[in-house]
Every structure is written in structure tokens, then in C-alpha cells.
Amino acid sequence: MMKKLILPGLLSLLGQAYAQEAAQQPMQRVEITGSNIRRAQAETASPVQTLSRADIEKSGKTTVAELMQTLAVDNQGSVPMTFGGGFASGASGISLRGLGAASTLVLINGRRVAPYGLADDGQKVFADLNVIPSEAIERVEILKDGASAIYGSDAIAGVVNVILRRDFEGTTLRASQGISEERDGHDTRLAITHGVGKLDTDRYNFMGSFEYGRKGAIANSARSDRRYIGRSDLRDYGFSAQETLGGTGAIVSTNNAGSAVNGNVRNPDTLEYYNRGNLAGAGFTRLFPGAACANFTSHPQGDPGGGCLTDAQQQYSEIQPEQETANVFARLSYQLAPDWLAYGELNFYHSNSTASTTPSTVSASVGYPGGPVSNAAVQLGAGHPDNPYFGRAARLRYLAADVGPRVSHVGSDFTRFVAGAKGSWQQWDIDAAWLFSQNEVSNTRTGYLQRDVAFALLDPSPANVAAARARSAAYAALPPGSFWRIAENAGLNSAALYGALSPTIANDAETRINQIDVKASREIGQLPGGALGVALGAEYRRESTELEPTQGTELGNIIGLGYSAYQGKRNASALYAELLAPVHKTLEASAALRYDHFSDVGNSYTPKAGLKWTPTRTFALRGTFARGFRAPSAAENGVGGLAAFSTADDPVRCALGVQVACDPASIAIITSPNPALAPERSKSYSAGLVWDPLPRTSVSLDFWQIKRKNEINQEQTDAAIAAGHIARDPSTATRPGDPGAITAVLARYVNSSNTKVRGADLDLRTTFGLGGWGTLAADAKWTHLFKWLRTETDGSQRDFAGTHGNCDVTNCIGTPDDRVNLSATWERAAFRVTATANYRGKMDNTLFKNDPDGCATHFADGSDAPRGCKLASFTTIDLTARWKVNPKMEVTASIQNLFDKIPPLDPLTYGAVSYNPLDYSGALGRYFNVGMRYQF
């Protein structure tokens, strides 16, 4: 089928070009990301941002992942390494144009990498930037417009192509050590790179690098002196203990209480909650002086409802998880003949990360493919010895601090192997290779509660005991009549009891790519502006993905842990062609067409066209048009499902006067895959200019727009709530007519909305000579979003640009409409100093522009929070320096967040505690790093 459609046209085109072919003078040509045709000029019709090794070093960042997430082109939907509590814990991903990490294609040397085994939000498959071997990088090229015509699926928002060194001779040792001003968060990096052999004389070159890294954890409690950073109890900033941001353990209202470290219990008659340490609890039949709040915490009290307040997020959660990594890269090149080179590449990356968060609560609801599981009815049985209403069952809200924090240990093994050959034949430049890439992830968790065992140990009714015995051999082995003693009596529990209540649980994931590809390019004729270039290529790829569910989540039996599992395989094949036509000495046209066939979702044709007009040597206009697509991932159209958590308010209960329902609270979302999904489709446009007004000065300005349709989304949370696609727990009702709290939103993946994103990129670079004082180079990159508009199937529209939405994607980071990177580098002889400013624009604290619900969060007095309902902008300054002691040795030093800026309070995000994950460096504080490189 593909041959019938494409090959005749290509053969006809080649025949015409051969008839016009003329003798060509050899020239130095380079291959630029976004094209398979080598060319003499680096600037193409498509905007490409290039980061050299020097740029990376001057940033002061120790990994490419850290640098990428400070870039102006990164936005909503990126996956930060610091989000240890997310679905994709242990990984890091970039989101160009705010269209999500799944719509940004990451390549190494122009070829794909196996995606991370854990999909972000349980849905979005992306490449982990941590696998990139930093010491082996030659440069990073970021193609900022769509490139599906060249690379196929997933390149809707653009491409990040990491180009590694092709050859190297000698031996280099590098070591660095970082530490925060608070003397934590140690970052140790060691690397050795060795290369041997000259291709032109020895006919071979081998280079290998080994990198080791270890980054220490930083607890929220370690930043207790940085105002609100890492704190969830924000009463001293105007919030109420009764709101979502209040301290754990608050008694909110009738039939509504938080989980207290010593337990809140409900009066069976009045439905009012009382703290177990309250010696005046209404109707108590037993008193527990040992349960006094002061015996558990020194946290400031003052809850009007009498709850025992703690700040569990500050006490247990982290700003940064612990991570240990090892990265190996090797490349062997062998000159088979003067015109043919054989090559092989091997990448291996191993990572262990450990993330800690708050202890489990006994009442957290969960979801699984069978539906929601409400745990609101958990109770102390009538005969439980710690029940203040002894003789009658009483509902319990308890923070299981005696079990300990919930901890995730994530191990990741990434492998990538390429074997290929490149050379010339009949004036064609040919490159063919086999690629194998795989990622294996294991996620082991501790501190999570088995629902059936917890229910049986708190209330050993015949039904609860039977359910626990049927599923847990460890529970069945406990003495009959065993109770889980809580709070002040937790010391009476045995190790065996905790082993049954909170066993170690785990799951594994694996992604794999097998690919064969071949591409060929040449010049085939003369046009008025120069040689006509053509490239042809073919590709076959087999992909497989599998994520096992964590034990117990398939039954909704792990309190507070959602379900995520998927499995799928597919074959993909492609043919593509590209032309580069210098139709005039001032005008260059380019065109590309790609045909893809997927075994599960059918065919896709994606064209791309570009023009570049250079009326003078120092000025050029350029523009592109492209179509793109993203095929559904196995998480979206395979076998499995997702039960996760998000935040939303409850307009029904809010309208009834239940104040706590008016602010976003955590809810479960249960989503099912959809095998009928079609690929996402896109159209992208760019138009801009490149101007060199002065020697060593360059200005580029590009306007761009991407329209994506058939988007694969969960149904919008608030829309599903408004439509009644929810489950409620009537037993949490507070008054007549109250339907009870939402326990889950029932959704599925659908081709629903379309998105239009429009913006501009400004790039300024200049270098000044300072005479005997060296040189000063300045660089500015600014990305502005004019619009980030989503249109739903019902016609409703939401513009997220400059707001805190879309909160249905990773972290609820928000969509800043301005991000800027500024740098200035002074260099003289052996010395180089760089100052870098990273700016994130202000955002409205609304879920979208002109949200009729107004501000997303409020202070205790009902006014908008933060003041003015705006999250202020944030800027940090980083300083790096390098001293070349001699030709073989250099010393480096850096200070991140030079002025120790504290980020603004962010009360909405769930990716960090009271600050936005985009502002991570402000939460971390001033950070120092020193390093040394020695070359033998």
C-alpha cells in the first residue's frame, strides 16, 4: 500500500532531478534537528535552539534534566524530578509549549529512546531526561515547531535531540560536590571519559564514559525557617485550620473531621466529632488522658473544633527525594572503507530514588476499575479498647503515625543499543541502523495500609474478620481478637500485627522499542540558488509497554493508593521523503512528507513545508507549516485502567452552605482505557525573522501557533462533576438535603477537546570586546504565551495562559504566560564568570481565565488567596565561574539562587507544599557547588 502511494511520485521526482544534475563543488555540510538533509547553513526555516557543552556548563546545572526545566520553552505538563509522590516518581520530563511531556519527542543522536516505565498521571508516556549521559553530550538541539513529518508520532510540540560525542581521544576526570546553605541536599558527581584511536590513521575510535551521582534528600522540615515553604498549616498567613490547607487533625464541621495523630471520633448520636484526648468529649464512656494532644506534638493548637493539629506535610514530606544514579555510555566507530563507517552505541542508566510522604490516614477513599471504594465508614468497634464510646461503634479519623511515613523506592534500568553503518554510495549519503531500547522500573512501597486488615483490626466484626482472613495470611496468623492499638497505646502492637497491617507492596513496569531504519540523502540537481537536496527514509518499529498493578490496588484494598495498570503492543512502519530547494539565491524552500502505519490505530500522513528568504546577508525571514500527530499510548488504548487523585470543589454542597466544599479538596478519579481512540492531530505554524544587525550580534523573533484536535484526555473533572458522573458517600452528610462528599469521579479517556496555543519566542545574543579585559557575551531568551485555549466538546472554552490551570495535569503547576532566561558571561584568558537569571511570570490563581467561580483558594475571612488572587512572579540569579589552572586542569564553582530568594506562596499546587514546583530553587535556597576537571 505504501509503495503504491509514495514511491512512484518519488521516482518521478528523482528522474527529473537527475536530468538537471550538474557538477558540484564539495562543501562542509551539517545535519540540523528537524531535517535529514545536510546543509551549509545552520539556520533553517524552523526555529532551533542549540545548547552547547559550554552553555550547559555555564548554567551551573549538574544534569541536563535540571537545565531543561529552567528553559523558557518548558511549561505546563513538565515532570519535575522533585515530585516524588507522583505517578512517574524517579523521572524527569520536558513539556514544550505546555502541551505535555507526551507531545514532546526526545531523541538521542536522532533516534528514539524507550519511554519511562511509569506514565505520568498514569496516562502520559514520556522519555526520562535523567538517562542522558551528561559527560558525553556534544550539544542539545531543541526544535521548537512540529516535526512529525520527519520523526513521526509524539513530535506535536517539538523535538529535543541530544547529540552525543562521535569521537574523543584522551582521558578526562571530573568531580563535583554540591551542598545547600543549610548543609543538606548533597549532590556528588563523579565522571571519567576515555577515548582512544584516530579514524583517519587507526581506522577506529572508541570512547566510553562512566558517571556516578548521588543526591541527598531534603525534608520539608529542614526549611522550617523559610516562611511557608513545606508547610500545610498556614493559619499565620490568613488561612483557616478548617480549610484544605489547614493542619492535619482539624475538626471541620458536623460529620467532618481531619485525621488526627491521636484520633478524632464521631459521636454515634449527634454525628459531632471529638478528639480522643478531649476529657470533656460529649457522651464519652471512657477517657484517655494519655491521648492528650500535648503528648504527641508541640505544634501550635487553636482549632475551634477542638481537633489536635499537626502539620504532617512539614513533618514527613520532602522538597527533594534521595537519588543515586550510574550512567554508562560507549561508542565504537570503525572505518570499513574510505566511504563507510560502522558504529555502535551503548547506553546503560541505573537509578534508585527514595521518596517519603505523610503517614496514611485510615479513611482515605480509593478507586479501582470496579468503582470507588469509600473508607469514610471506618470505625472503632464497640469493644475496641481505645474507643471513647466503648460499647458502641464510633467512626475514626486517624493519622497512622505509628505505622510511619509512606515511602516509595523506585529503581529504574534503562538500556539503549544502536548498531549501524553510514557512508556514501552513488553520491547518496546513507545511514542505516538497528536500535534496541528498554526501560525497566520497579516501585516498592512501605507504609501503606491494607484496607481489609485495617478494618478488621479496628472493628473485628464477623464480616470484617472474614474478609481480612480471606486475603491476608499474615492477618490470619494473628491471635484471634487482635486489635490495632492506636496513638498512645501503639507500643502494645506487635511486629507481626504491623506486618499484616502494612506489608511491603510493589509493582514492575517495562517499555521496549525495537527499530530498524535507513535513510539516504544527496544533492540531485541545480536550481538558481544552488543544489537541490533530497532525503528518503524508511523505518520499522515494534513497541511494547506493560505496567503491573501494585498488589492490592486491583481490588481497591490499599488505603489512599490509586490503581494504575496497562499493557499493549504495536508495530509501526513509515516511509518519508524530504526536499530542500534553493529556488533563488535569496529564497530556500523545504518540504517533507511522512506516511506512518500503526497496527492498532491505522495510517497517518504528515506533511511539512518551510520557506526562508534572505534578502541580505544579515537578515532573513522564515516560516513553516506542519501537520503532526500522537498515537495513543498503551495506557490510553490498551488493557488496564487508572484510579488516581486530583483536586476539585463540590458546587452542589457548596451551594447548600457546606463551606468546606467550596474549596478544592482531594478526590479520586477512575478512568478506563478506550481502544476506539483515534490519534491526536495537530497543525502548527511559525513565522519569524533572523537579523544580525552588528558583528557578533544576532536577533531572532518567531511567532508560532499549534492547534491540536482529537485530544486524548480524561473527561474534565469539574465537567464530570457538573454532569453527575460521580460517586458520593451519603453517610458524610451534614444537614438535610446534603448528598454527602464526593468519593470519586467516574471518567474515561476520550478524543474530546482541542487546544490552540499561540505565542512568540525572542532570542537575543551579542558579544562585546573589552580590549585587554576580555569579552562580555549576553544572551536573552523569552517565550510569551498569548493564548492556551482549550475547547471542549460542548463548545465551552477555557484559556489557561497566565493562570494556575490546567490542574488536571501534572502537579497543577499552572501555565505562566512569560518565561525568560537571561545570561551574561565575562571571559578573560583562563577565567570565565556567568550570571544567569531565570524568570517565571505571574499567574492568576484561577483554574482558567475569567473563571466564574473566581479565585481557586481563599483566606479564612473568605477573601481571595493570595491577595489579589495572583501568584507573584519569581526570579532567581545563578552565578558560575571557571578557572583554567593549566591546559589540562580547570576548576569550577557555582552558586544557585545567589540572593536566596523565597518563592511566593502557592496554595493550589499538589506537586509541592505551599510553593510552586517551577520555583523549586527558591524552596531549596542558596546552593553551592565546586568541581574540578582534569584531562590527561
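Conventions we followed
Residues numbered from 1 in each chain as written. Predicted model: local features only at pLDDT ≥ 70, side-chain atom pairs only at ≥ 80, totals over all residues. Heavy atoms only, no water. Helix = DSSP H or I, 4+ residues; strand = E, 2+ residues; numbered from the N terminus. Rg over C-alpha atoms; globule rule 2.2 N^0.38 Å. Contact = heavy atoms within 4.5 Å. Lys, Arg positive; Asp, Glu negative; His and termini not counted. Charge placed at Lys NZ, Arg CZ, Asp CG, Glu CD. Axes fitted to C-alpha atoms, helices over the stretch in contact; angles between N-to-C directions. Parallel < 35°, antiparallel > 145°, perpendicular 65-115°, else oblique. Left-handed = near helix turned anticlockwise from the far one by under 90°. Nonpolar A, V, L, I, M, F, W, Y, C, P; charged D, E, K, R; others polar. Core = buried A, V, L, I, M, F, W, Y, C linked by side-chain atoms within 4.5 Å. Buried < 20%, exposed > 50% of the residue type's maximum accessible area, 1.4 Å probe, protein only. Patch = residues over 30% accessible without salt bridge, like charges linked within 9 Å, V, L, I, M, F, W, Y side chains within 5 Å. Areas by Shrake-Rupley, 256 points an atom, 1.4 Å probe, with all protein chains shown as cover. Salt bridge = Lys/Arg side-chain N within 4 Å of Asp/Glu carboxyl O.

Trainee: Account for the overall build of the protein chain, naming residues and giving values.
Mentor: Per the secondary structure count, the protein chain includes 13 helices and 47 strands. The C-alpha atoms of the protein chain give 30 Å as radius of gyration, which agrees with the globular expectation for 936 residues (30 Å, within 12%). For the protein chain, the spread of C-alpha atoms along the three principal axes comes to 100 × 65 × 55 Å. Across the protein chain, every contact between residues at least 6 apart in sequence was considered, and the portion connecting residues at least 24 apart equals 70%. One way to put it: in the protein chain the 89 positive side-chain charges average out to a point 4 Å from where the 91 negative ones average out.

Trainee: Tell me what's going on with the packing of helix H6 (residues 451-458) against helix H7 (residues 462-471), and back it up with residues and numbers.
Mentor: When two helices pack together, their arrangement is captured by the angle between the axes and the distance separating the axes. One way to put it is that H6 packs onto H7 with a least axis distance of 8 Å and a crossing angle of 140°. With respect to H7, the element H6 is oriented oblique. Judged by the twist between their axes, the crossing of H6 over H7 is left-handed. Judged by residue contacts, Asp452, Val453, Phe455 and Ala456 of H6 engage Asn464, Val465, Ala467, Ala468 and Arg471 from H7. Across the contact of H6 with H7, the residue classes break down as six nonpolar, one polar and two charged.

Trainee: Mind laying out the nonpolar core, listing which residues take part and the relevant values?
Mentor: The biggest cluster of nonpolar side chains holds 41 residues, and the ones touching the most others in it are Met68, Ile137, Val140, Ile142 and Val160. At the level of secondary structure, the elements contributing two or more residues to this core comprise helix H3 (64-68), strand S2 (104-108), strand S4 (137-143), strand S5 (158-164), strand S32 (697-709) and strand S37 (775-791). Core analysis: the second largest hydrophobic core is formed by 28 residues, Val265, Phe284, Val362 and Phe455 among them.

Trainee: Break down a positive patch on the surface for me, citing the residues and quoting the values.
Mentor: A cluster of basic residues, Arg627, Lys683, Lys707 and Lys709, forms a positive patch on the protein surface. Looking at the secondary structure, you find Lys683 in strand S31 (residues 680-691).

Worth remembering: the numbers are spatial, not functional.
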